[in-house]
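Descriptive analysis of the structure
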Amino acid sequence: MNTNPEQEAWSRLRAHAASRLGGGFAERVLRSAHGCPPGAWHRLRDAAADCLRPGFADRVLAAARDRLEIPSYGSQLALSALTAAACLAAVILFHHHELAAADARNLAEWSQIVAAAQDLDAGVR
């Protein structure tokens, strides 16, 4: 029988691994893959609820509201001013870029007109 050495090595490895597994391994894996039954989750939730004192949710919400800070009028004004300044700077930079591009286009067109006029002038003389 002519066998592939790689297949033989995999078979020996599989046999060795299977000999190391305890009984019922596949059943335990399948049971854990399916998770807990819904009744177990309900019992766990009820047990956790019994550990909390009454009014827990209200206390948590009150603590969160106490820590909530409303921004002051001055900080809102400062943020608005910074936003307006950033927008103005962006508009100025964009305008400068567009103006420089328009100047470059106009200069190129005028250079062509001057070159054509010089050619015509040189042809007349």
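Calculation notes
Residues numbered from 1 in each chain as written. Predicted model: local features only at pLDDT ≥ 70, side-chain atom pairs only at ≥ 80, totals over all residues. Heavy atoms only, no water. Helix = DSSP H or I, 4+ residues; strand = E, 2+ residues; numbered from the N terminus. Rg over C-alpha atoms; globule rule 2.2 N^0.38 Å. Buried < 20%, exposed > 50% of the residue type's maximum accessible area, 1.4 Å probe, protein only. Areas by Shrake-Rupley, 256 points an atom, 1.4 Å probe, with all protein chains shown as cover. Lys, Arg positive; Asp, Glu negative; His and termini not counted. Charge placed at Lys NZ, Arg CZ, Asp CG, Glu CD. pLDDT = per-residue confidence, 0-100. Patch = residues over 30% accessible without salt bridge, like charges linked within 9 Å, V, L, I, M, F, W, Y side chains within 5 Å. Salt bridge = Lys/Arg side-chain N within 4 Å of Asp/Glu carboxyl O.

All right, on to the overall build of the protein then. On a plain count of helices and strands, the protein comes out with 5 helices and 0 strands. In sequence order, the secondary structure elements of the protein are arranged as α-α-α-α-α. In summary, the protein has a C-alpha radius of gyration of 40 Å against a globular reference of 14 Å for 125 residues, an excess of more than 25%. Its C-alpha atoms put the protein at 110 × 75 × 20 Å along the principal axes. Burial statistics for the protein: of 125 residues in total, 1% are counted as buried. Accessible surface, the protein: about 11700 Å² in total, of which carbon and sulfur atoms supply 65%. Across the protein, the mean location of the 13 positive side-chain charges is 20 Å away from that of the 13 negative side-chain charges.

The predicted model of the protein averages 87 in pLDDT, with 96% of residues at 70 or higher. Confidence scores differ between elements of the protein, with helix α2 (residues 25-34) showing the lowest mean pLDDT of 77 and helix α5 (residues 73-124) the highest of 93.

Tracing the backbone shows Gln-112 in helix α5. Sequence separation of Gln-112 and Ala-122 is 10 residues, and the distance between their C-alpha atoms is 15 Å.

The next subject is the environment of Ala-78. Mapped onto the elements of the fold, Ala-78 is located in helix α5. Take Ala-78: its relative accessible area is 39%, and that puts it in the partly exposed class. Residues Ala-78 and Ala-49, spaced 29 residues apart in sequence, show a C-alpha to C-alpha distance of 46 Å.

On to a nonpolar patch on the surface. On the surface, Leu-21, Phe-25 and Val-29 cluster together into a nonpolar patch covering about 240 Å² of accessible area. Checked against the element boundaries, Phe-25 lands in helix α2. Phe-25 sits in the partly exposed class, given a relative accessible area of 36%.

Another point: the environment of Pro-5. Looking at where Pro-5 falls in the secondary structure, it is placed in helix α1 (residues 5-20). On the basis of relative accessibility, which here comes to 60%, the residue Pro-5 falls in the exposed class. For the pair Pro-5 and Leu-30, spaced 25 residues apart in sequence, the C-alpha separation works out to 33 Å.

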